[in-house]
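# Understanding the architecture of this molecule
Here is how the chains run, residue by residue.
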Amino acid sequence: MRRTAGLWLLIGLAGYSLLPWYMVTGGFLSLGWLTDPAGEGASALLWSLGGRSWLWLPLLGFAGAGIVLMRKRDQLATARGLVASGAGGLALMAAQGLVILGNATRFGLFEGATQPGMGAGALFTAAGLLFILTTGISGLGRGRGDAFITGLVGAIVALVGVFVFYPMSFILVSAFELKGGAGFGISEFFPRFFASEIWSVACFSGRGYCGAAMNSLVLGLCTALGTTLLGLAFALIFTRTAFPAKKFLRVLTILPIITPPFVIGLALILLFGRSGTITEFFADAFGWEKTRWLYGIWGVWLAQVLSFTPIAFLVLIGVVEGVSPSMEEASQTLDANRWQTFRYVSLPLMRPGLANAFLLGFIESLADFGNPLVLSGNENFLSTEIYFAIVGTVADPAKAAILSLILLTMTLTAFLAQRFWLGTKNYATVTGKADSGRHAALNPALRMTCYLIALPWAAFTMILYVLIVFGSFVKLWGYDHTLTLEHYKRAFGIVHRNGWHFTGSAWDSYFTTLTISSIAAPLTAMVGLATAYLLVRQKFAGKDAFEFSTMLSFAIPGTVIGVAYVMAFNFPPIELTGTGLILIVVFIFRNMPVGVRGGIAAMSQLDRSLDEASITLGANSATTLRRVILPLMGPAILAALTYSFVRAITSVSAVIFLVSARYNMATSFIVGRVENGEYGIAIAYAAVLIVTMLVAILALQLVIGRRTLRRADRVEAH
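Residues numbered from 1 in each chain as written. Predicted model: local features only at pLDDT ≥ 70, side-chain atom pairs only at ≥ 80, totals over all residues. Heavy atoms only, no water.

## Description of the nonpolar core
Membership of the largest hydrophobic core comes to 97 residues, with the highest contact counts inside it found for I258, L268, M350 and Y685. No other element matches the 16 residues that helix α13 (residues 297-322) contributes to this core. In this view, Y685 contacts F492, A506, S509, Y510, A666, F669 and I670; residues no more than four positions away in its chain are not counted. Core analysis: the second largest hydrophobic core is formed by 83 residues, L152, A212, V527 and I600 among them. (Core = buried A, V, L, I, M, F, W, Y, C linked by side-chain atoms within 4.5 Å. Buried < 20%, exposed > 50% of the residue type's maximum accessible area, 1.4 Å probe, protein only. Helix = DSSP H or I, 4+ residues; strand = E, 2+ residues; numbered from the N terminus. Contact = heavy atoms within 4.5 Å.)

## Digging into helix α14 (residues 325-333)
Taken residue by residue, α14 has P325, E328 and S331 as its buried positions. In a view along the axis of α14, the buried residues occupy a sector of 120 degrees, so they form one face of it. At the exit of α14 stands D335, carrying a positive phi of roughly 75 degrees. (Arc of directions from axis to C-beta.)

## Regarding helix α24 (residues 558-568)
With respect to burial, α24 is a largely interior element, 9 of its 11 residues being buried. Restricting attention to buried positions, one finds in α24 the residues G558, T559, V560, I561, G562, V563, A564, Y565 and A568.

## What about the packing of aromatic side chains?
All chains considered together, the criterion is met by 35 aromatic pairs. Taking 5.3 Å as the distance between ring centres and 80 degrees as the angle between the ring planes, the aromatic pair formed by F281 and F282 counts as edge-to-face. Here F282 falls in the partly exposed class, since its relative accessible area comes to 29%. Three or more aromatic residues link up through ring pairs in this structure, and these residues are F163, Y166, F170, Y565, F569, F571 and F589. (Phe/Tyr/Trp six-rings, centres within 6.5 Å; stacked < 30°, edge-to-face > 60°.)

## Points about a nonpolar patch on the surface
Where nonpolar side chains cluster on the molecular surface, the patch consists of V173, F176, F184, I186, F190 and F194 and spans about 650 Å² of accessible area. One can find F184 in the loop between α6 (147-173) and α7 (189-193). Taking the relative accessible area as the measure of exposure, F184 reaches 56% and is therefore exposed. (Patch = residues over 30% accessible without salt bridge, like charges linked within 9 Å, V, L, I, M, F, W, Y side chains within 5 Å. Areas by Shrake-Rupley, 256 points an atom, 1.4 Å probe, with all protein chains shown as cover. Salt bridge = Lys/Arg side-chain N within 4 Å of Asp/Glu carboxyl O.)

## A word on the pattern of salt bridges
One side chain can pair with another of opposite charge once the charged atoms of both are near each other. Throughout the structure, instances matching the rule amount to 5 salt bridges. K399 serves as the salt-bridge partner of E385, at 3.7 Å between the closest nitrogen and oxygen. Taken together, the residues E385 in helix α18 (residues 382-391) and K399 in helix α19 (residues 397-422) connect sequence positions 14 residues apart. The exposure class of E385 is buried, given its relative accessible area of 18%. Since its relative accessible area comes to 32%, K399 is described here as partly exposed. Where salt bridges share partners, they join R490, R673 and E678 into one cluster.

## Notes on unusual backbone geometry
Residue P573 is bonded to the preceding P572 through a cis peptide linkage, with omega at 15 degrees. Within the element layout of this structure, P573 appears in the loop between α24 and α25 (580-603).

## Points about the side chain of T239
Structurally, T239 can be placed in helix α9 (residues 212-240). Among the polar contacts listed, one links the side chain of T239 to the backbone oxygen of A235, at a separation of 2.8 Å. (Polar contact = N/O pair within 3.5 Å; in protein donor to acceptor, adjacent residues only side chain to side chain.)

## Notes on the environment of L271
Position of L271 relative to the elements: it lies in helix α11 (residues 261-272). The spatial distance from the C-alpha of L271 to the C-alpha of L464 is 8.6 Å, given a sequence separation of 193 residues. Beyond its immediate sequence surroundings of up to four residues, L271 is in contact with G276, T277, I278, T279, L464 and L467.

## A look at the confidence of the model for the protein chain
Chain-level pLDDT for the protein chain is 82 on average; 92% of the residues reach the 70-or-more range. Model confidence for the protein chain, summarised as mean pLDDT per element, is weakest for helix α31 (residues 711-717) at 42 and strongest for helix α5 (residues 120-139) at 94. This model gives residues 430-434 a pLDDT under 50, and the stretch forms 10 contacts once residues within four places in sequence are excluded. (pLDDT = per-residue confidence, 0-100.)

## Description of the packing of helix α1 (residues 2-18) against helix α3 (residues 57-70)
Relative orientation and spacing of two packed helices are given, respectively, by the angle between their axes and the distance between those axes. Where α1 meets α3, the closest approach of the two axes is 10 Å, and the angle between their N-to-C directions is 150 degrees. Taken together, the axes of α1 and α3 are roughly antiparallel relative to one another. Remark: the crossing between α1 and α3 carries left-handed chirality. Contact residues: R2, A5, G6, L9, G12, L13 and Y16 in α1; L59, F62, A65, G66, V68 and L69 in α3. Residues belonging to the contact of α1 with α3 are distributed by class as follows: 9 nonpolar, 3 polar and 1 charged. (Axes fitted to C-alpha atoms, helices over the stretch in contact; angles between N-to-C directions. Parallel < 35°, antiparallel > 145°, perpendicular 65-115°, else oblique. Left-handed = near helix turned anticlockwise from the far one by under 90°. Nonpolar A, V, L, I, M, F, W, Y, C, P; charged D, E, K, R; others polar.)

## Overview of the environment of N337
Within the element layout of this structure, N337 appears in the loop between α14 and α15 (338-349). Here the alpha-carbon distance between N337 and L442, two residues 105 residues apart in the chain, equals 10.0 Å.

What follows is the structure, given as structure tokens:
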């Protein structure tokens, strides 16, 4: 404990004394601050000596920790001293940052003081104080006395607090804002929360449209059910059948997730809209009346099932693979047939994956913004209502915040229902014992059912994407089908004049998108899987609240998160607006829950005896995680990396307010082209993004490979 705390003390002091305390022009990694170490690149130590006395406050925490470590006291007293020093230093550091906001101060303290946003020096100082605190907590016996575990919990709690709760507090506080800006109170909160236009069920009686909350609830349940069933069917085909075109089918299953949001909706409109290709065909061939059935809840449902089935598949395929063949063989040895084995052995062991796939589908549906915006017609949904409450003709932040709270209520209910359904049963099937069996094949009826569910859907998906690619090569899809390369030339043109020059209008946003997504993806997977490890493998106080907090960012529409980030990070103490860092951060904490849920589903199948055996042999928790757990988490790692990478590229609602002239994202560029009526360029750009992401996903799959849980897998792999 003393050695670990001493190391973090030195790291924190180095950040305080040597690194720039405030943000520097060009960014920390540009190293331009080294040329001006006494000016813009000055450390907190230099600033405090120069008159900013409030910067001495964090140093008190280090001084306390140093005194505690130098005194020869028992471990318990030392641990308490480290906790007090770390917590006190963090509190003082946060207080000075929140009191002095740019050119303004609060509570009459430090009158006339000014300071910009915190930089790298503040980050290292905060990290040193935080891990001094968590090391002290481990010395008190928490987290089994393991500094790695308490440090991991502390780091994730701090990150979620700063980048989820802190920005959301700006939005949620406005839920209690009185009309007309007359202050804050609760007198208007409950009437607006339970307003009849939000919760109306008139559509069920045929007397009108349902409220936004009821539409979102029904849509979420239907989407979650559809995506889970389709995801399970695809997963069973991949793992339990000899279907000959599995590789091609896998490509089709992941295509929707790598598609920018509006493209699927636009393709469906051009196929099934009132003047769509298929609508025109049936009207001419059979005399059917042209209708607007696509514009409403069922059209949005169709688009969402297309968009979110890959999420369910990515979660479920690892879980289905993880069911031990020895259990299925034992069932058949006891004279159970294939259906009974699947019904009473395999399916119950898949419950964590099914529950997580359903929960993710439900939350994705609630938070989806693009599909309802394009296909909702006259029906209202919570995500679009929040958007219009923020950017409408008359902005109403209080209404947007109240609708966000309704979304959170639905998410919390789904989360608790999932926990109740799973209960406290043990679903571990991967142990340290040898297992050379093969998965039981599906009985003919179940196999045919999976084929009938999945294959027509795959064919429909293939047709949709063939038409999307076709649309990028015609002058105007749906009207003028003359073949042309003009859209690609305008977006991705390259000329050779004294060297190669990228003249296309899309290149800047394309390279920026790939760079930011490549940085965000591994960080997202790392944070998500680390969180899953803590939730499945560790016990600590507040675990349920910790788990729900990790899902919070996923439950709120991206539009609201984007606005919250602008409000929170547009001024000190954390000033990120207009930088590439704010885009990386929003992607990490927006997409982290998928890594969490996929990791929980996969890790629930790994028996705890694996951890215990490793620790018994002298390994600590960090080594056990690296050498034992992670090698068995291939599908979960692939799912987290894949999802976070493609969502960073295809996300629109979370970044629409965060892009800047220097850091413009692909989806923002596409939306701009759509608004200008340049559909050909937008579809061509979407086609390039689809190919780019498909190549990246296949490369990730080759690098990570399959998880070899049993000897039969290793034989096949060779």
